[in-house]
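# Close look at the chain arrangement
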Amino acid sequence: MASRLLRAAVLGPPGSGKGTVSRRVALGFGLQHLSSGRLLRDSLRAGSEVGDAARQYLEKGLLVPDHVITRLVLSELELRRGQPWLLDGFPRTIGQAEALDKVCDLDLVISLNIPFETLKERLSRRWLHPPSGRVYNLDFNPPLVPGVDDVTGEPLVQQEDDRPEAVAAQLRRYKDAAKPVIELYRSRGVLHQFSGTETNKIWPYVHALFSSKLAPLQSKEAN
Ligand code: G5P
Ligand code: MG
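For the structure given in this document, a descriptive report is provided here.

The rules we used
- Residues numbered from 1 in each chain as written.
- Chains lettered and ligands numbered in written order.
- Predicted model: local features only at pLDDT ≥ 70, side-chain atom pairs only at ≥ 80, totals over all residues.
- Heavy atoms only, no water.
- Near = heavy atom within 4 Å.
- Polar contact = N/O pair within 3.5 Å; in protein donor to acceptor, adjacent residues only side chain to side chain.
- Areas by Shrake-Rupley, 256 points an atom, 1.4 Å probe, with all protein chains shown as cover.
- Helix = DSSP H or I, 4+ residues; strand = E, 2+ residues; numbered from the N terminus.
- Expected span 1.5 Å × (residues − 1).
- Bend = angle between axes of the 7 residues up to and from the residue.
- Buried < 20%, exposed > 50% of the residue type's maximum accessible area, 1.4 Å probe, protein only.
- Contact = heavy atoms within 4.5 Å.
- Pairing = 2+ DSSP bridges.
- Axes fitted to C-alpha atoms, helices over the stretch in contact; angles between N-to-C directions.
- Phe/Tyr/Trp six-rings, centres within 6.5 Å; stacked < 30°, edge-to-face > 60°.
- Salt bridge = Lys/Arg side-chain N within 4 Å of Asp/Glu carboxyl O.

We now examine the site of ligand 1. Around ligand 1 lies a shell of 30 residues, among which Thr 20, Leu 62, Arg 92, Arg 126 and Thr 199 are the nearest. Separating an oxygen atom of ligand 1 from a side-chain N or O atom of Lys 18 is a distance of 2.8 Å. The fraction of the free accessible surface of ligand 1 (1,000 Å²) that becomes covered by protein chains is 91%. Taken together, the elements giving at least two residues each to the shell around ligand 1 come down to α1 (18-29), α2 (36-46) and β6 (134-137). Here the shell around ligand 1 takes 4 residues from α2, the largest share from any one element.

Printed below as a string of structure tokens:
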């Protein structure tokens, strides 16, 4: 069971906990964690061609065009041939799902359903360390010292996208784009939806699901 080459994806709106859940799965089951947002931010910092193409969309909190993100994610997957991985935030449109289909099938797709009010509140309590992409939440994972990054001691900032009006617009865009993606994976029998207001309450169910496919590396309490 442990050697199974699992290909999984975590879908969900901005702030739904994709990153938090993906990190725990990666740590608990030894999967490579590939966050599309993280890959884009790394490309932006590196000043690569993809980073330049994505900049204007990232700055406005809009979805990056399919051909840009698809090229980036698929080239990372090519580097991880033969390894089990977990995609965080990709595919987010039906075009992306179709592009992924051409290189592999997903075995497991997690979709996180979090109430809008919870997302709004969560994101308004979120602070970011822009150079590293480290994210804090004042309730869930606060920085050790208020207002500064734990590792570098540099200042944290709040993003424009995390204002309530911006969150509402992002959520609408997410739902429109994600609906056909969710339907596709449901029709294939690989979709698992989790609803709730707290990641820590959803996590045991996600852990149990992955445990049914892979041997855990460590106990869930360790995460
Ligand atoms: P990202 O980087 O994929 P988003 O906006 O989709 O960004 P984000 O913000 O990374 O999603 P998340 O990963 O779903 O959120 O959630 P998270 O970071 O784990 O949790 C959110 C916050 O809540 C954190 O502060 C966390 O600590 C806290 N939290 C978690 N659980 C709980 C809880 O139970 N309680 C509380 N109180 N707090 C909690 O994408 C960025 C941009 O890249 C582009 C787009 O422009 C996008 O806007 N992009 C793409 N464009 C096109 N196609 C794609 N596939 C793209 N992927 C990215
Ligand atoms: Mg994330």
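The structure having been displayed, the exposition proceeds.
As a further point, take helix α7 (residues 164-187). In a regular helix each residue adds 1.5 Å, so 24 residues correspond to 34 Å; α7 covers 34 Å between its end C-alpha atoms and thus fits that length. Of all the bends in α7, the largest measures some 40° and sits at Ala 178, one to four residues before the proline Pro 180. Buried within α7 we find Ala 166, Val 167, Gln 170, Leu 171, Tyr 174, Ala 177, Ala 178, Val 181, Ile 182, Leu 184 and Tyr 185. Packing partners of the buried residues in α7 comprise β1 (7-11), α5 (94-101), β4 (108-113), α6 (116-124) and β7 (191-195). Gly 189 occupies a position one or two residues after α7 and carries a positive phi of about 75°.

We now examine the environment of Gln 170. Tracing the backbone shows Gln 170 in helix α7. As a C-alpha pair, Gln 170 and Leu 214 span 44 residues in sequence and 34 Å in three-dimensional space. What Gln 170 contacts, discounting residues up to four positions off in sequence, is Pro 14, Gly 61 and Asp 161.

Strand order in the open sheet made by the 5 strands is β2-β3-β1-β4-β7, with parallel pairing throughout. A strand with exactly one partner marks an edge of an open sheet, and here the two such strands are β2 (32-35) and β7. Sheet twist, expressed as the mean angle between neighbouring strand axes with direction ignored, is 20°. Note: β2 against strand β3 (residues 85-88), 4 bridges, orientation parallel. Residue Ser 35 lies in a different strand from β3, and its bridge partner there is Asp 88. The strands touched by α2 within the sheet are β2 and β3, with β2 carrying the most contacts at an inclination of about 65°.

Two descriptors summarise a pair of aromatic rings, namely the distance from one centre to the other and the angle between the planes of the rings. Taken as a whole, this structure holds 1 aromatic pair when the rule is applied. Ring centres of Phe 29 and Phe 210 lie 5.8 Å apart, and the angle between their planes is 40°; this geometry places the pair in the tilted category. Here Phe 29, found in helix α1, pairs with Phe 210, found in helix α8 (residues 199-211); they are 181 residues apart in sequence, far enough to count as distant. Of the two residues examined, Phe 29 and Phe 210, each falls in the buried class.

Okay, the pattern of salt bridges next. Overall, the coordinates contain 12 salt bridges when judged by the stated rule. Across the pair Arg 80 and Glu 76 runs a salt bridge, and its minimum N-O distance is 2.8 Å. A residue is classified by how much of its surface remains accessible, and Glu 76, at 18% relative accessible area, is buried. Residue Arg 186 is joined to Glu 183 by a salt bridge in which the shortest nitrogen-to-oxygen separation is 3.2 Å. With a gap of 3 residues between them, Arg 186 and Glu 183 both fall in helix α7, about one helical turn apart. Look at Arg 186 and you get partly exposed, because its relative accessible area is 42%. Several salt bridges share partner residues, and in doing so they unite Arg 38, Asp 42 and Arg 45 into one network.

No statement about biological role is implied by the geometric values presented.
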